[in-house]
Amino acid sequence: MNQQLWESLLKQAIIGTENGCTLLKAEGALGQILPQLATRSSEEQFLQTLAILNQYFQSGRCPIKMQPSPLPVCDKEELPLCNTQSIFYLKTILSDSLQRNLLLLEWLRLAAYYKKRVPIELIATLLEKGKGFPTIHPYLSQCIGKRGQWLATLNSDWQYLPALKKDSVPTKFVLDKTLWEEGRIQERFALLENCRRFQPEEASELLASSWKREDVQHRKKFLDTFSIGLNLNDEPFLKTCLFDRSSQVQESAIQLLGSRSEFQFTQHWLKTLSGFITVDRKTKEPKLKINLPEKFLPEWETLGLKEKIPTNATLPGNTPEAHYKNPSHYWFYQMLKMVRPSLLVQHLTLKTIDWYYLCKKGEFKSILTLALKETVSFFKDQEFADLIIQENGKDQFFAELDHFSEMLSSSQLEKLLTQHFQAYGDKLLARLDADRYSLLRVFSYFKEEFTLEFSRIILNDFLRPILEYNKHHVYYIYEYLKPFPSLFKSDFYPETELFLKSLKPLKESASQESRQKYIDDFLNQLQFRYQMKKELSA
């Protein structure tokens with residue numbers, strides 16, 4: 001009977017209710033209720049009949065009984081709890097409306113170093129904060145204690161901690177194809193990374209088997225794992241990615257293929273480029289001769305080169321107008337961007353510095369210099385990045401350093417800035433307006449606090465001239481002081497306080513008052529870090 005009622009209702013749904021609704025006939029309690037719907041409109045009859053049947057068939061059923069599985073017991077804590085004052089500093093950081101992530105990172109780093117544990121009431125807040133702040137993960141994992149690790153296992157959003165990923169880099173690896181097909185996205189990423197480490201020759205086939213079904217936003221992240229154990233077996237699959245509908249995937253494929261000299265892709269473009277680039281070594285200084293391609297070869301398209309200049313093509317602003325109209329210039333420009341610059345220099349048997357200066361001369365210097373700068377960033381070519389920054393002297397130093405800062409470590413940034421301040425410190429004020437924004441961005445790329453020696457250099461060679469300068473707007477002082485409370489070595493606070501008290505006064509009293517206000521704020525923030533470290537180390 002139940003089946004017949006449902007089938008009748010289903011037929012009514014398919015036919016529609018425009019021409020009326022047939023009242024269902026039933027026995028028992030249903031037979032008494034359904035006729036009461038006769039006065040309703042056809043739409044109401046249909047929907048209310050559906051609701052009544054649903055309730056009728058569920059009436060009298062026993063609810064499903066689920067046997068809850070017991071929660072695992074949390075292990076006993078081993079780390080001591082940090083002291084009351086340290087907790088105060090942590091709560092202050094977490095409640096700050098300015099979201100001081102660097103201070104939070106430093107607090108957790110110090111707590112992990114001194115083997116201290118955060119209070120229970122802040123564990124959930126920190127785990128939630130960590131979802132969008134991967135830099136704190138290794139430190140957070142060490143200082144949330146056994147309770148925090150136990151709590152994180154109960155929430156899938158918090159299972160990002162390294163301590164909970166003990167199996168993500170196993171000593172032995174078995175490729176689980178079922179997990180690859182059916183697992184959650186995080187599990188599939190971890191599986192592919194492990195496959196790259198232990199069975200890289202199978203990773204390409206694994207990803208190729210599901211490539212067409214993968215979401216566009218996940219493809220690049222999958223492809224980025226190929227930097228682990230990259231080998232010749234990966235080349236066929238990577239070449240297919242050159243024609244992916246996502247431009248980011250295309251760029252990742254070129255980045256992987258063009259970074260290794262043993263790939264046929266790289267060898268092809270090196271050979272092709274050497275056919276268009278001739279180095280004349282007969283003169284005292286080498287000279288470049290560029291012979292542009294006359295026609296587009298079909299094989300170039302199979303390796304990712306585009307024949308037609310797209311409407312949004314980016315070429316340097318000082319490029320002659322003919323370069324925008326002549327496709328051969330665009331083909332040559334693309335070829336230069338296909339391989340790591342240091343590989344091209346080796347192939348041409350040139351020194352890095354020779355190629356740098358050759359690119360800055362002749363008819364095609366605008367294309368050569370732009371392609372060089374873009375490929376150095378794209379392939380993260382450290383050798384060329386250092387050269388370009390250092391060879392630009394005082395005028396373009398900060399602009400170039402800003403351009404390449406993301407690929408440099410904090411120690412490398414310190415080294416380059418130290419050399420520059422020592423060489424051009426006396427000329428710094430003359431270029432403040434031109435270099436201000438580039439310089440401030442450079443400091444934003446530091447991933448850890450300054451060394452003590454570099455803190456002194458910044459204070460003496462950089463900040464002192466600015467703080468004692470009477471001719472610029474006093475707001476500049478605020479701008480230049482702003483990054484440093486979180487970057488100075490925290491142990492440098494007592495010395496910094498004495499130094500800033502010895503500054504020459506400014507001529508205008510209003511400027512002097514504003515400067516002192518900014519300095520006091522700077523010192524308060526640095527003192528906060530200084531005291532925070534003292535408490536955590538106690």
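Numbers given to residues run from 1 along each chain, matching the order in which its sequence is written. Residues qualify for local features only when their pLDDT is at least 70, as the model is predicted, and side-chain atom pairs are given and counted only at 80 or more; totals for whole chains, interfaces and linings, by contrast, use all residues. Processing note: side-chain calculations cover all non-hydrogen atoms of the structure and skip hydrogens and water entirely.

**Student:** Please explain the pairing of strand E2 (residues 287-290) as it appears in this structure.
**Tutor:** Regular strands show a simple pattern: their side chains alternate between the two faces of the sheet. For strand E1 (residues 277-280) and E2, the ladder comprises four bridges, and the chain directions are antiparallel. Among the inter-strand pairings, Ile 277 is bridged to a residue of E2, identified as Ile 290. Where E1 folds back on E2, the antiparallel hairpin that results is connected by six residues. Strands were regarded as paired on the criterion that DSSP finds at least two bridges between them. Strands are runs of DSSP state E lasting at least two residues, helices are runs of H or I lasting at least four, and both sets are numbered from the N terminus onward.

**Student:** Is there a simple way to explain the pattern of salt bridges in this structure?
**Tutor:** Side-chain pairs of opposite charge can arise where the charged atoms are in close proximity. Here, a salt bridge means any Lys or Arg side-chain nitrogen found within 4 Å of an Asp or Glu carboxyl oxygen. In the structure shown here, the tally under the stated rule is 24 salt bridges. In this structure, Arg 213 and Glu 181 form a salt bridge, with 2.8 Å as the shortest nitrogen-oxygen distance. Taken together, the residues span a long stretch of sequence, with Arg 213 in the loop between helix H11 (200-210) and helix H12 (216-224) and Glu 181 in helix H9 (residues 177-182) at a distance of 32 residues. Accessibility expressed as a relative area gives 54% for Arg 213, which makes it exposed. For Arg 219, the salt bridge is made with Asp 244, and the minimal N-O distance between the two is 2.4 Å. Highlighted residues: Arg 219 in helix H12 and Asp 244 in the loop between helix H13 (235-240) and helix H14 (247-257), separated in sequence by 25 residues. Neither residue differs from the other here; Arg 219 and Asp 244 are each classed as buried. Here the residues in one salt-bridge network are Glu 106, Arg 109, Glu 449, Lys 489 and Arg 529, joined through shared partners. Relative accessibility decides the category of a residue: with a 1.4 Å probe and only protein chains considered, values under 20% of the type maximum give buried, values over 50% give exposed, and everything between is partly exposed.

**Student:** What is the right way to read the nonpolar core from this model?
**Tutor:** Where a protein is soluble and globular, its nonpolar side chains tend to be buried together. By nonpolar core we mean a set of buried residues, namely Ala, Val, Leu, Ile, Met, Phe, Trp, Tyr and Cys, connected to one another through side-chain atoms within 4.5 Å. Counting 110 residues, the largest nonpolar core has Trp 355 and Phe 462 as the members making the most contacts within it. The leading source of residues in this core is helix H26 (residues 452-467), at eight residues. Contacts of Phe 462, omitting those with residues within four sequence positions, involve Phe 421, Leu 428, Leu 439, Phe 443, Ile 457, Tyr 480 and Phe 484. In terms of nonpolar packing, the next biggest core, distinct from the first, is built from 29 residues, Leu 105, Trp 107, Leu 122 and Ile 136 among them. In this description, contact between two residues means that some pair of their heavy atoms is separated by no more than 4.5 Å.

**Student:** Mind showing me how you'd approach the environment of Leu 270 here?
**Tutor:** Positionally, Leu 270 belongs in helix H15 (residues 264-276). Residue classification places Leu 270 among the buried positions, given a relative accessible area of 3%. Sequence spacing of Leu 270 and Gln 255 is 15 residues, and the spatial spacing of their C-alpha atoms is 15 Å. Discounting residues that sit within four places of it in the chain, Leu 270 has contacts with Val 339, Leu 343, Leu 344 and His 347.

**Student:** I keep staring at unusual backbone geometry and nothing clicks. Help me out?
**Tutor:** Excluding glycine, most residues fall at negative phi; most peptide bonds, likewise, are trans. Phi angles above zero are rare outside glycine, and Lys 115 is one such case at about 55°. The residue Lys 115 is located in the loop between helix H5 (101-113) and helix H6 (123-130) in this model. Positive phi, normally seen in glycine, also occurs at Lys 380, with a value near 50°. Its place among the elements puts Lys 380 in the loop between helix H21 (365-378) and helix H22 (382-391).

**Student:** What is the right way to look at a nonpolar patch on the surface in this model?
**Tutor:** Only residues whose relative accessible area exceeds 30% and that form no salt bridge are eligible for patches; like-charged ones are grouped when within 9 Å, while nonpolar side chains (Val, Leu, Ile, Met, Phe, Trp, Tyr) are grouped when within 5 Å. Using a 1.4 Å probe, the Shrake-Rupley method yields the accessible areas, and only the shown protein chains count as cover for residues. On the surface, Leu 10, Ile 14 and Ile 15 cluster together to form a nonpolar patch covering roughly 380 Å² of accessible area. Within the fold, Ile 14 resides in helix H1 (residues 2-15). Ile 14 gets classed as exposed once you look at its relative accessible area, which sits at 67%.

**Student:** Looking at this structure, how should I read the packing of H12 against H14?
**Tutor:** Between two packed helices, both the angle of their axes relative to each other and the distance between the axes serve to describe the pair. Interhelical geometry of H12 versus H14 gives an angle of 10° and a closest axis separation of 9 Å. Here H12 is positioned roughly parallel relative to H14, judged by the angle of their axes. Every residue of H14 that contacts H12 at Arg 219, Lys 220, Leu 223 and Asp 224 is listed here: Gln 248, Val 249, Ser 252, Ala 253 and Leu 256. Counted by class, the contact of H12 with H14 contains four nonpolar, two polar and three charged residues. Axis definition: a line fitted to C-alpha atoms, limited for helices to the stretch in contact. Angles are taken between N-to-C directions and run from 0 to 180 degrees. Should an angle lie under 35 degrees it is considered roughly parallel, over 145 roughly antiparallel, and from 65 to 115 roughly perpendicular; all remaining angles are considered oblique. Side-chain classes follow a simple rule in which Ala, Val, Leu, Ile, Met, Phe, Trp, Tyr, Cys and Pro form the nonpolar group, Asp, Glu, Lys and Arg form the charged group, and the remainder, Gly included, forms the polar group.

**Student:** Any chance you could explain the packing of aromatic side chains here in plain terms?
**Tutor:** To describe a pair of aromatic rings, one takes the distance between the centres and the angle between the planes. Between 30 and 60 degrees the pair is tilted, below 30 it is stacked and above 60 it is edge-to-face, where a pair is any two Phe, Tyr or Trp rings, Trp via its six-membered ring, whose centres lie within 6.5 Å. Counting across every chain of the model gives 33 aromatic pairs. With 6.3 Å between their ring centres and 85° between their planes, Phe 276 and Trp 300 make a pair best called edge-to-face. You can see Phe 276 sitting in helix H15 and its partner Trp 300 sitting in helix H16 (residues 298-302), a full 24 residues away along the chain. Each member of the pair, Phe 276 together with Trp 300, is buried. Ring geometry for Phe 446 against Phe 450: centres 4.9 Å apart, planes inclined by 70°, an arrangement best described as edge-to-face. Phe 450 matches Phe 446 in its accessibility class, with the two residues each being buried. Counting as a charge over the ring demands two things of the Lys NZ or Arg CZ atom: a distance within 6 Å of the ring centre and an angle within 35 degrees of the ring normal. Seen from the ring of Trp 180, Arg 188 lies directly overhead, with NZ or CZ sitting 4.1 Å from the centre. Sitting over the face of the ring of Phe 226, Arg 196 holds its NZ or CZ atom 4.2 Å from the ring centroid.

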